[in-house]
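# Overview (structure and organization)
If you want the building blocks of each chain, they are given just below.
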Amino acid sequence: MADEVALDLEELRQLQSIAKRPRVVSLISSEIQNLEKLSKEAASAPASQIPTPISTAPKVLSSPAVNYVTLGSFSWDQDNDKVKIYISLEGVEQEKVETEFKPISFDVKFYDVQGKNYRCAIPKLNKEIVPEKCKVVVKPTRVTIILFKASKGNWLDLQFKDDKLKPNLEKERDPMAGIMDLMKNMYEEGDEEMKRTIAKAWTDARSGKTADPLKGYR
């Protein structure tokens, strides 16, 4: 920039030397003064400084982990179309409720309720629901979670439970079958007298003459 100013000054001084009209001379003189002032300021300015690079990388803000109080105590009822879960909780604000409904589960969070965060969740419901229809209704002292059933009907429980009482095929067999198996083993391992006795008892049991083929051994 300083070189450009010097060239301009040189050319203006040449024009000033050949100018004749007072107004033109005055304009050239004024411009020369401006350029001289600019030239002095440029000469006195410090060497060009390298600007400090500004980081444009997004700042990752580490948000503190949110702690929740689990709401494990609640009541519920149902009709043919929906299930209602009643939670006694005072001070809940509708805009501070976060819901996540899925076909077989739900997770509802209540933030900043008298200084605490609460959470009510069931990871596996008894049956499927319709997520887009489910909702949370907030009242002054109670919150109601309304789940709409995917299929009408009665739920035996709110949560899904594995049926640990699976049918035992051995127990469902005819009680006489176990006794007959025992008689077969005794017959194969017994002596001649036992074989005759068991054979008779076996025959009587098949013909219905006795209900207990081992009665003679007790």
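Now for a description of the structure that goes with this document. Residue indices begin from 1 for each chain and proceed along its sequence in written order. pLDDT decides what is reported in this predicted model: residues at 70 or higher carry local features, side-chain atom pairs at 80 or more are listed and counted, and totals for whole chains, interfaces and linings draw on all residues regardless. The basis for the side-chain values is all heavy atoms of the structure; hydrogens and waters are excluded.

### Here we look at the overall build of the protein chain
Tallying secondary structure elements over the protein chain gives five helices and eight strands in all. Sorting the 218 residues of the protein chain into buried and exposed places 24% on the buried side. Of all intrachain contacts in the protein chain linking residues separated by at least 6 positions in sequence, the fraction that spans at least 24 positions is 54%. For the area figures, the Shrake-Rupley method with a 1.4 Å probe applies, and any residue is considered shielded solely by the protein chains shown. Accessible area for the protein chain stands at about 16700 Å²; split by element, carbon and sulfur atoms hold 52% of it. Secondary structure elements follow DSSP: runs of H or I of four or more residues count as helices, runs of E of two or more count as strands, with numbering from the N terminus. Between buried and exposed lies partly exposed: a residue is buried under 20% and exposed over 50% of the maximum accessible area for its type, with that area taken using a 1.4 Å probe on protein chains only. Residue contacts are defined here by distance: any two heavy atoms, one from each residue, within 4.5 Å place the two residues in contact.

### A look at the nonpolar core
Phe106, Phe110, Ile145 and Leu147 are the most contacted members of the largest nonpolar core, which totals 24 residues. Of all the secondary-structure elements, those providing two or more residues to this core are β3 (82–88), β4 (97–102), β5 (105–113), β6 (116–122) and β8 (142–148). Examining the composition of this core, we find that four residues originate from one element, β5, more than from any other. Apart from the residues lying within four places of it in its own chain, the contact partners of Phe110 are Leu71, Leu89, Val92, Lys96, Val97, Lys116, Asn117, Tyr118, Val136 and Val143. Residues grouped as a nonpolar core are buried Ala, Val, Leu, Ile, Met, Phe, Trp, Tyr and Cys residues, joined through side-chain atoms within 4.5 Å. Val5, Leu12, Ile28 and Leu35 belong to the second-largest nonpolar core, a separate cluster that totals six residues.

### Brief notes about helix α2 (residues 22–44)
Because each turn of an α-helix spans 3.6 residues, side chains separated by three or four positions end up pointing in the same direction. Under the 1.5 Å per step criterion, the end-to-end length of α2 is 33 Å for 23 residues, consistent within 8% with the ideal 33 Å. Those residues of α2 not exposed but buried are Ile28, Ile32 and Leu35. How far a helix is expected to stretch is found by multiplying one less than its residue total by 1.5 Å.

### What to know about the side chain of Thr144
Structurally, Thr144 is set in strand β8. Look at Thr144 and you get buried, because its relative accessible area is 7%. Filtering out sequence-adjacent residues up to four positions away, Thr144 remains in contact with Lys84, Ile85, Tyr86, Lys135, Val136 and Val137.

### Some points on unusual backbone geometry
Although it is not a glycine, Asp112 adopts a positive phi angle of roughly 55°. For Asp112, the position within the fold is in strand β5. One non-glycine residue, Gln114, lies in the positive phi region at around 55°. Among the secondary structure elements, Gln114 is positioned in the loop between β5 and β6.

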